[in-house]
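What the coordinates show
This is what each chain is made of:
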Amino acid sequence: MTRHLAFINGTLIAPDRLIEDAILVSRDGIITAIKPHGTPPKQAEVIDARGGYIAPGYVDLHIHGGGGADFMDGTADASRTVGRSHLKHGTTPIFPTTTTGSVDQIMQMLAACREVQADQASTIAGVHLYGPYFAPDKVGCHSEAGRRSPTAAETKRYLASGIVSIATCAAELPGADAFYRAASKAGCFITCGHSNASWHEMQRAFQAGMRHVDHFWCAMSSVPGLRQRLGVPMQASMAEFVLMNQEMSTEVIADGCHLSPELLEFAYRMLGPDRLCLVTDCNRALDMPPGDYRFGHVSDGTWFHSDGQVGWAPGGQSLASSVKGMDHMVRTMKRATSASLPEVIRMASLTPARRVGLADRLGSLERGKLANILVLNKKLEVKQVFLG
Ligand SMILES: [Zn+2]
Ligand SMILES: [Zn+2]
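The paragraphs below set out a description of the structure included in this document. (Residues numbered from 1 in each chain as written. Chains lettered and ligands numbered in written order. Predicted model: local features only at pLDDT ≥ 70, side-chain atom pairs only at ≥ 80, totals over all residues.)

1. With respect to the overall build of the protein chain
Across its full length, the protein chain carries 11 helices and 21 strands. In terms of overall dimensions, the protein chain is globule-like: its C-alpha atoms have a radius of gyration of 20 Å, near the 21 Å expected for 388 residues. Summarising its shape, the C-alpha atoms of the protein chain cover approximately 70 × 40 × 40 Å along the three principal directions. When the 388 residues of the protein chain are sorted by exposure, 56% land in the buried category. Counted over contacts in the protein chain with a minimum sequence separation of 6, partners at least 24 positions apart contribute 69%. (Helix = DSSP H or I, 4+ residues; strand = E, 2+ residues; numbered from the N terminus. Rg over C-alpha atoms; globule rule 2.2 N^0.38 Å. Buried ≥ 20, exposed ≤ 12 C-beta atoms within 10 Å, placed from the backbone. Contact = placed C-beta atoms within 7 Å.)

2. Details of helix α3 (residues 152-160)
By the burial criterion, the buried members of α3 are T155, Y158 and L159. For α3, the buried positions fall inside an angular range of 95° around the axis, keeping them on one side. More than 90 degrees from the buried face of α3, the exposed residues found are A153, K156 and A160. Where α3 is buried, its residues contact α2 (103-117), β10 (127-129), β11 (164-168) and α4 (176-185). Note on α3: the residue one or two positions beyond its end, G162, has a positive phi of about 80°. (Arc of directions from axis to C-beta.)

3. Some points on the nonpolar core
Within the largest apolar cluster, 118 residues are counted, with the highest numbers of intra-cluster contacts made by F7, I54, A170, C192 and L278. For L278, the residues in contact, after removing those within four places along its chain, are E251, V252, A254, M326, M329, V330, M333, M347 and A348. (Core = buried A, V, L, I, M, F, W, Y, C linked by C-beta atoms within 7 Å.)

4. Concerning the sheet that holds strand β17 (residues 302-306)
With antiparallel pairing, four strands are arranged side by side in an open sheet as β16-β17-β18-β19. Because the sheet does not close on itself, it has two edges, and the strands there are β16 (291-295) and β19 (319-322). Sheet twist, expressed as the mean angle between neighbouring strand axes with direction ignored, is 35°. (Pairing = 2+ DSSP bridges. Axes fitted to C-alpha atoms, helices over the stretch in contact; angles between N-to-C directions.)

5. Examining the pairing of strand β3 (residues 30-35)
Of the strand pairs in this sheet, strand β2 (residues 18-27) and β3 are connected by five bridges, and their pairing is antiparallel. Bridge assignment links V25 to a residue of β3, and that residue is A33. Between the end of β2 and the start of β3, which pair antiparallel, lie two residues, with D28 showing a positive phi angle near 50°.

6. Let's talk about α2
Spanning 15 residues, α2 covers 21 Å between terminal C-alpha atoms, matching the ideal 21 Å at 1.5 Å per step. Here α2 has its buried residues at Q105, I106, M109, L110, A112, C113 and V116. The arc that holds every buried residue of α2, seen down its axis, measures 165°, which confines them to one face. Against the buried residues of α2 lie α1 (76-87), β9 (91-96), β10 and α3. (Expected span 1.5 Å × (residues − 1).)

7. So, the sheet that holds strand β15 (residues 276-279)
Taken in spatial order, the six strands make up an open sheet running β10-β11-β12-β13-β14-β15, and their pairing is parallel. The open sheet has two edge strands, β10 and β15, and neither has a second partner. Strand-to-strand twist of the sheet, defined as the mean angle between neighbouring strand axes without regard to direction, takes the value 30°. Where strand β14 (residues 249-253) and β15 come together, four bridges link them in parallel fashion.

8. Notes on unusual backbone geometry
Excluding glycine, residues mostly carry a negative phi; peptide bonds, for their part, are mostly trans. Omega for the peptide link from G131 to P132 comes to 20°, which places this bond in the cis form. Considering the arrangement of structural elements, one finds P132 in the loop between β10 and α3. In this model, V232 is joined to P233 through a cis peptide bond whose omega is -5°. Along the chain, the position of P233 falls in the loop between α6 (223-230) and α7 (238-244). With a phi close to 50°, D21 is a non-glycine residue in the positive phi region. Along the chain, the position of D21 falls in strand β2. Judged by local crowding, D21 falls into the partly exposed class, with 15 C-beta atoms found within 10 Å. Even without glycine at this site, D287 takes up a positive phi of about 60°. Here D287 shows up in the loop between β15 and β16.

What follows is the structure, encoded as structure tokens:
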């Protein structure tokens, strides 16, 4: 179906500036023109932004679930439910993210995502193979029984699915280097997470292709933590490695519960909007009433409690990922930091798209790119979502 749209009466959020009262024209799902002002083409269907914002669709590299479902449930239905629930919050391409679990559970999740990816309105850009290769002392809220070190045979099965496009492994695990190299060869964006890695282990990982660290400050090494593991002299950790290396990027869970405002500001100022991504790391409790839910597979995932703001691990001492969509992360980041609105939106769209190699097709409002477009009100709430 051909569709010719003209978005009017809004401030367009370009990667580096705001364009007031812009007109954006799309045709058959592609952005064909952006004009600072003027009148929309006569034949086009007019979308009135009502004085709000015209923004690019968000890109989320790290997403477990939503709407009551977790990708690890391993069914096409669950996968569609999660996609739909995040679409309402402005996330267009998503990267379904595995937790720890058995080989069968992960293979089933990959198969379900492949099936759903073939849907016409699918938002699945590729799977983030996240669990099971975590460090034993950094498993976090994931099931410990499903954690292990990578082996060539297991990795091969996952990569052969053809849908894995982001790959995480803790750098200090035996077999990590071989995992990174195999995933690099398969074209994946490589990340280190749930790890207690030292500077030297990070250097080795970097040489094997690792360029990103999952949820900065959460389930990662620190200088005092490494002192416990490796003694003195104290050693630099994942944090120093990311901050000091211009080729590294990372992500923050900007839900206001995981990290304080000064940490969000610190991350933004130290890394800048081109090396910092916003992620939701959202679990199945998005848009669900407060209560107890499983993180990971519906039958044997670990229990957590959602209070409607965030997920809590049993005991209520530590967090178990977020229960909010990307629109919430954008609003929190805007409120908590000195980043400009174009910069905040860039961290939720163009920067993650660039890191995973999709920026030539999406991630910003530019001529020739996919018309993944959000209409936001002045409070940055999502009013309408257009997918291609
Ligand atoms: Zn995690
Ligand atoms: Zn996660």
